[in-house]
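# Commentary on secondary and tertiary structure
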Amino acid sequence: MTIALIATGGTIACTTQEDGSLVPTVSGQQLADSLDADIEVIEFRQLDSSSITLEDLDELLATVHELLHRAEVEGILITHGTDSMEETAMALSIFDPGTKPVVLTGAQRSFDHPNGDGPRNLQDAVALIKQAQPGVFIQFGGMTIPARGARKNHTFHLNGFESMPVGEGSIFPLPLAALAQHPVAILAAYPGAEAVLVDAASSHFAGLVIEGLGSGNMGAGMGEGVARALDAGISVVVSTRVPYGKTSLAYGGAGGGATLADKGAVNAGEFRPGQARILLAAALATGTPVVKVFETAVAPKQYAR
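Residues numbered from 1 in each chain as written. Predicted model: local features only at pLDDT ≥ 70, side-chain atom pairs only at ≥ 80, totals over all residues. Heavy atoms only, no water.

## A word on the pairing of strand β6 (residues 101-105)
Strand residues, when the strand is regular, have side chains that alternate between the two faces of the sheet. Among the five residues that make up β6, five are buried, leaving the element largely enclosed by the rest of the structure. Of the two faces of β6, both are covered, the one formed by P101, V103 and T105 as well as the one formed by V102 and L104. Here strand β5 (residues 73-79) runs beside β6; their pairing, made up of four bridges, is parallel. From the neighbouring strand, L77 faces β6, where its bridge partner is V103. Note that β6 and strand β7 (residues 135-140) share four bridges and pair parallel. Across the sheet, the residue bridging to L104 is I138, located in β7. (Buried < 20%, exposed > 50% of the residue type's maximum accessible area, 1.4 Å probe, protein only. Helix = DSSP H or I, 4+ residues; strand = E, 2+ residues; numbered from the N terminus. Pairing = 2+ DSSP bridges.)

Structure representation (C-alpha cells):
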C-alpha cells in the first residue's frame, strides 16, 4: 500500500535566503525521503499558503479525489503552509468521499532550522494515516485536529492549531464543484466602519463574509452597505473577530446582527471567517442553501441512568 504525498510548499519546505527571508525551495521528494513508508510524491505547488487561490484548491480537490479512488493508495498526506491550512482542510472536508484518511501537516520552523518541527509532524502524519481512520485531519505539534472547526491560534508556537466546537454538519459531503467560479471576500468590521468597502466588494464577489464585532455586529454605515448587498442578492455570512464563542446576531439597529439576519444574513455560529469563506463558496458552487452549510446536527439527548 502507498501513501500519496502532495507537496504544496509552506514553511515546512522553506529555506533561509541570503537576505534572511524564507522561501519554499524544498521538494516533496526531499520531505518524503525522511519517512519510513512507501510514498508516492506529487509535486503540486511551491507556495506560501497565503498565496493559494480558489483555483489552486479546485485543482487540489480534483487531485485528491482521483488519488482516493486508487485501490493501492491507503491515504493522502498534504504538506502545506500554516497560514491557510484551515481553509484547505475545510475545503477537503466538505467534499470528502469519506473512505480513507487525508492528513495535512506543515511546520512553524523552516526546513533548515536547527530544531525544525517539520520532521516530527511528517512522521506523526504518516502514523495517523496508517491508523486508517477515514476523514480529513490536521496533524500538528502532536495534536490531531478534525478539519471542520480547525483554526491556527498562534503565529509561532509549535502546537499552533486548535479545534473550535463547531458541531457536525448534516449535509456533507457535498458533490465536488468548482469553488473559483464563486469568489467570496472577507471584510472586517471596526468601530465606525462605513459602507464603501461593502459597496465595492458587492460588484466583484458572489458572497461576503463579515468579520463582525462582538457577537456579529458592525457600525450603522457598514450595516447599511450589507443591507444593500443582501437586497442585491449577494449572500452574506456574519462571523466575528472575537477568538471564542458563537455569533448570535441578536442586536438591533442598522448594523446589528438581528437587523441583518432579518434581511437574510446567515449566522456563522462558531466558524471564524477563514472557514466560513470556504463554506459559503461551497454552498454557492453546489447550489446548496447557505444556511444549510452552517447548520449543526442536533446531538442526541443524553439521559442520566
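Having put the structure on the table, let's press on.
## Topic: the pattern of salt bridges
If you walk through the whole model with that rule in mind, you get 11 salt bridges. Of the charged contacts, one joins K152 and D83 as a salt bridge, the two residues approaching to 3.6 Å between their closest N and O atoms. Of this pair, K152 sits in strand β9 (residues 150-152) while D83 sits in the loop between β5 and α3 (85-94), and the two are 69 residues apart along the sequence. The residue R228 makes a salt bridge to D199 at a minimum N-O spacing of 2.9 Å. Note that R228 is positioned in helix α6 (residues 220-231) and D199 in helix α5 (residues 196-202), a separation of 29 residues in sequence. (Salt bridge = Lys/Arg side-chain N within 4 Å of Asp/Glu carboxyl O.)

## Observations concerning the UniProt feature "domain: Asparaginase/glutaminase C-terminal" (unreviewed entry) in the protein chain
Mapped onto the present numbering, the UniProt feature "domain: Asparaginase/glutaminase C-terminal" (unreviewed entry) falls on residues 184-288. Regarding residues 184-288, the helix share stands at 37% and the strand share at 18%, and the terminal C-alpha atoms are separated by 15 Å. (UniProt positions renumbered as here; feature names shortened; annotations may be inferred.)

## Overview of the UniProt feature "domain: L-asparaginase N-terminal" (unreviewed entry) in the protein chain
The UniProt record marks residues 3-167 with the feature "domain: L-asparaginase N-terminal" (unreviewed entry), using the residue numbering of this structure. In this annotation, residues 3-167 is assigned 26% helix and 30% strand; the end-to-end C-alpha distance for the span is 29 Å.

## A look at the packing of aromatic side chains
Aromatic ring pairs are reported here in terms of the distance separating the ring centres and the angle at which the planes meet. Taken as a whole, this structure holds two aromatic pairs when the rule is applied. When the ring of F140 is compared with that of F161, the centres are 5.1 Å apart and the planes differ by 65°; the resulting orientation is edge-to-face. You can see F140 sitting in strand β7 and its partner F161 sitting in strand β10 (residues 161-163), a full 21 residues away along the chain. Residue F140 shares its accessibility class with F161, and that shared class is buried. Relative to F294, the ring of F271 has its centre 6.0 Å away and its plane inclined at 80°; by these criteria the two rings are edge-to-face. (Phe/Tyr/Trp six-rings, centres within 6.5 Å; stacked < 30°, edge-to-face > 60°.)

## Points about the sheet that holds strand β11 (residues 184-188)
The four strands lie next to each other as β11-β12-β13-β14, forming an open sheet whose pairing is parallel. A single partner strand is all that each edge strand has here, and the edge strands are β11 and β14 (266-267). Relative to strand β13 (residues 235-240), strand β12 (residues 207-212) runs parallel, the two being bridged by six bridges. Paired with E211 across the strands is S239, a residue of β13. Sitting on the sheet, helix α8 (residues 273-286) is in contact with β11, β12 and β13, with an inclination near 160° to β12. (Contact = heavy atoms within 4.5 Å. Axes fitted to C-alpha atoms, helices over the stretch in contact; angles between N-to-C directions.)

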